[in-house]
Number of protein chains: 2
Amino acid sequence: MFSGAQISLYPMSDDFIGIILGALSALDPWRDQLRIETDDLSTLLVGPPEILFPAMRDLFVAAARGGVHCTLHATVSRGCPGEPDDPICTPLGGLPPGTPLPDRIAAAQAGVTAAALTGQTVAAQFSLYPLGLGHHMDEIYGCIDFLKSSGTFERSKNFCTKLRGDAGPVFETLSQAFTGFGAQAGHVALDVTLSANSPSKV
Amino acid sequence: MFSGAQISLYPMSDDFIGIILGALSALDPWRDQLRIETDDLSTLLVGPPEILFPAMRDLFVAAARGGVHCTLHATVSRGCPGEPDDPICTPLGGLPPGTPLPDRIAAAQAGVTAAALTGQTVAAQFSLYPLGLGHHMDEIYGCIDFLKSSGTFERSKNFCTKLRGDAGPVFETLSQAFTGFGAQAGHVALDVTLSANSPSKV
């Protein structure tokens, strides 16, 4: 099993370098569970599927706290057959293999309900890609059922679903979508864009 | 058939609104072939698969021309079974159904070789998601073979492939990857981040 994320933080400010560097310490509590590598396009986080979104949440909330319009983009993946198994990625929990879709939806809802608030409102849109399945739309429609009852759903868009709310439940919604849908030991990718402090609100 | 892209342009500048608004006229030559809708997170382009990347190229080069560090993110999709058929999306050409992978690789290489230069260097990383296929990795590995001989390949990364070069051949490489790989009438998504004028070069 291999899991991780390529993440990029974009502060819309002349001081984008300072804002990015200032937010990085928010990753410190997660560093012993992650392998982190940075280049000019993104930062790779490799670690258990369950902690990728909490780590991103802490980074993004730290960057947005100063009020600058910031976005974060992440390409998140688990179970890619082209990646080597890595012990650092061992899942921390999860439902038993074969858990039916209605039970996975209920567990995901409970996870979002339990999420702590951060005080930072964010908008997000994301796409879930369950790969290597002939019936991939069943998992997508099941995930959409969960999203519509998550409390963070804003609307369906072409190619993605839009969320809005406190960063705590929004990132937890993303985490539940990523870990709870698609084949349990299979290849799932998720692509997400988050935005805070936007001057536009449509 | 439905095809389109959710695109977002991020200038890392206090004047991000002015840079975005100033670049929008670069889309004018494409407007009669596209349906365009904007909200606070992204702009939807709906139109034939072949013109999505040329339209994005013109927008991004216009935004980057002033030298500000800009990124563009796009979630691009064709053939999603959850979207309605739309006449505006009718493909403009393409190889006959069933064209073997080696012939598709050769056609994609020829497309990149013919791409006009823009004078703007960009870096890009992207993931291709051929959905609804049991053998999705065959299409991904075929696409990677094309990328490695495209002249724009920089390196493989976890979850994505990184390109670098003039925006002309880089966007054409993305366009060929999107239209030439995955099932020809099937569901393919592509997720890409492009960067220009970055202060980092790794």
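Structural data are supplied above this passage.
Residues numbered from 1 in each chain as written. Chains lettered and ligands numbered in written order. Predicted model: local features only at pLDDT ≥ 70, side-chain atom pairs only at ≥ 80, totals over all residues. Heavy atoms only, no water.

Here we look at the relation of the copies chain B and chain A
Superposing chain B onto chain A requires a rotation of 180° together with a translation of 0.0 Å along the rotation axis, leaving an RMSD of 0.0 Å. The superposition of one copy onto the other is thereby described by a two-fold rotation axis. Comparing interface residues between copies, 100% of those in chain B also sit at the interface in chain A, which points to an isologous, same-surface contact. (Least-squares fit on C-alpha atoms with pLDDT ≥ 70 in both. Contact = heavy atoms within 4.5 Å.)

Remarks on the sheet that holds strand E4 (residues 70-78) of chain B
Residues and elements named next belong to chain B. Taking strand neighbours across the sheet as the criterion, the eight strands line up as E2-E3-E1-E4-E8-E5-E7-E6 in an open arrangement whose pairing is antiparallel. If you trace the sheet from one side to the other, it starts and ends with strand E2 (35-38) and strand E6 (153-157), each paired once. Each strand axis lies, on average, 20° off the axis of its neighbour in the sheet, ignoring direction. Sheet topology note: the E2/strand E3 (residues 43-46) ladder contains four bridges and is antiparallel. Along E3, the bridge assignment pairs Ile36 with Leu45. Taken strand by strand, helix H4 (residues 136-148) contacts strand E5 (121-130), E6 and strand E7 (160-166), and its axis lies near 160° from that of E5. (Pairing = 2+ DSSP bridges. Helix = DSSP H or I, 4+ residues; strand = E, 2+ residues; numbered from the N terminus. Axes fitted to C-alpha atoms, helices over the stretch in contact; angles between N-to-C directions.)

Things to note about the interface of chain B and chain A
One frequently used descriptor of interface size is the decrease in accessible area upon assembly of the parts. The partner chain A presents 57 residues to the 57 residues of chain B that form the contact. Between chain B and chain A the total buried area reaches about 4500 Å² when both faces are included, carbon and sulfur atoms providing 63% of it. Linking chain B with chain A are ten salt bridges, by the criterion used here. Residue Asp39 of chain B pairs with Arg155 of chain A through a salt bridge whose shortest N-O separation is 2.8 Å. Linking chain B with chain A are 24 residue pairs in polar contact (both at pLDDT 80 or more). Put simply, the parts of the chain that give the side of chain B that touches chain A at least two residues each are strand E1 (3-11), helix H1 (16-23), E4, E5, H4, E6, E7 and strand E8 (188-196) of chain B. The class makeup of the residues in the side of chain B that touches chain A is 24 nonpolar, 23 polar and ten charged. (Buried area = accessible area lost by both parts, 1.4 Å probe. Salt bridge = Lys/Arg side-chain N within 4 Å of Asp/Glu carboxyl O. Polar contact = N/O pair within 3.5 Å; in protein donor to acceptor, adjacent residues only side chain to side chain. Nonpolar A, V, L, I, M, F, W, Y, C, P; charged D, E, K, R; others polar.)

Here's the deal with helix H4 (residues 136-148) of chain A
All names here are of chain A. With 13 residues, H4 extends 19 Å from end C-alpha to end C-alpha; this agrees with the ideal 18 Å at 1.5 Å per step. All buried positions along H4 are accounted for by His136, Met137, Glu139, Ile140, Gly142, Cys143, Phe146 and Leu147. Each element contacted by the buried residues of H4 is listed here: helix H3 (101-113), strand E5 (121-130), strand E6 (153-157), strand E7 (160-166) and helix H5 (167-180). (Expected span 1.5 Å × (residues − 1). Buried < 20%, exposed > 50% of the residue type's maximum accessible area, 1.4 Å probe, protein only.)

Some words on helix H3 (residues 101-113) of chain B
Residue and element names in this part refer to chain B. End to end, H3 covers 19 Å across 13 residues, agreeing with the expected 18 Å (1.5 Å per residue, within 8%). By the burial criterion, the buried members of H3 are Arg104, Ile105, Ala108, Gly111 and Val112. In an axial view of H3, the angular spread of the buried residues amounts to 120°, which keeps them on one side of the axis. H3 presents Pro102 and Thr113 as exposed residues on the side facing more than 90 degrees away from its buried surface. Buried-residue contacts for H3 involve H4 and helix H5 (167-180). (Arc of directions from axis to C-beta.)

Regarding the environment of Ser127 of chain A
Tracing the backbone through its elements, the reader meets Ser127 of chain A in strand E5. For Ser127 of chain A, a relative accessible area of 5% puts it in the buried group. Sequence spacing of Ser127 of chain A and Ile140 of chain A is 13 residues, and the spatial spacing of their C-alpha atoms is 9.1 Å. The contact partners of Ser127 of chain A, leaving out residues within four places of it in the chain, are Phe159, Cys160, Ala189, Leu190 and Asp191 of chain A together with Thr75 of chain B.

Structural notes on the pattern of salt bridges
Throughout the structure, instances matching the rule amount to 24 salt bridges over all chains. Lys162 of chain B is the partner of Asp39 of chain A in a salt bridge, and the nearest nitrogen-oxygen pair spans 3.2 Å. With Asp39 of chain A in the loop between strand E2 (35-38) and strand E3 (43-46) and Lys162 of chain B in strand E7, this pair bridges two chains. Linking Lys162 of chain A and Glu154 of chain A is a salt bridge whose minimum nitrogen-to-oxygen distance equals 3.2 Å. Residue class for Glu154 of chain A comes out partly exposed when judged on its relative accessible area of 25%.

Comments concerning the pairing of E7 of chain A
Residues and elements named next belong to chain A. Where burial is concerned, most of E7 is hidden: six out of the seven residues are buried. Pairing of E5 with E7 involves six bridges; the strand directions are antiparallel. Opposite Phe126, over in E7, you have Thr161 as the bridge partner. As paired strands, E6 and E7 are joined by four bridges and run antiparallel to one another. If you follow Lys157 over to E7, its bridge partner there is Cys160.

Describing empty space enclosed by the protein
Going through the model one piece at a time under the given rule, you end up with two cavities of 30 Å³ or more. Considering only enclosed or pocket space, the largest cavity measures out at about 50 Å³ in volume. As for the largest cavity, its lining consists of Gln125, Phe126, Ser127, Cys160, Asp191, Val192 and Thr193 of chain A together with Gln6, His73 and Thr75 of chain B. Put simply, the parts of the chain that give the lining of the largest cavity at least two residues each are E5 and strand E8 (188-196) of chain A together with E4 of chain B. Taken as a whole, the second largest cavity encloses approximately 40 Å³ of empty space. For the lining of the second largest cavity, a count of residues per class yields three nonpolar, five polar and one charged. (1 Å grid on protein atoms, 1.4 Å probe; cavity = no way out; pocket = protein on both sides within 12 Å on 5 of 7 lines; lining within 4 Å. Points joined across faces, edges and corners; volume = space filled by probe spheres on them.)

Structural notes on unusual backbone geometry
Positive phi outside glycine occurs at Phe159 of chain A, with the angle close to 75°. For Phe159 of chain A, a relative accessible area of 11% translates into the label buried. A positive phi is found at Asn197 of chain B, a non-glycine position, where the angle reads about 60°. Here Asn197 of chain B is to be found in the segment after E8. The partly exposed category is assigned to Asn197 of chain B, whose relative accessible area is 30%.

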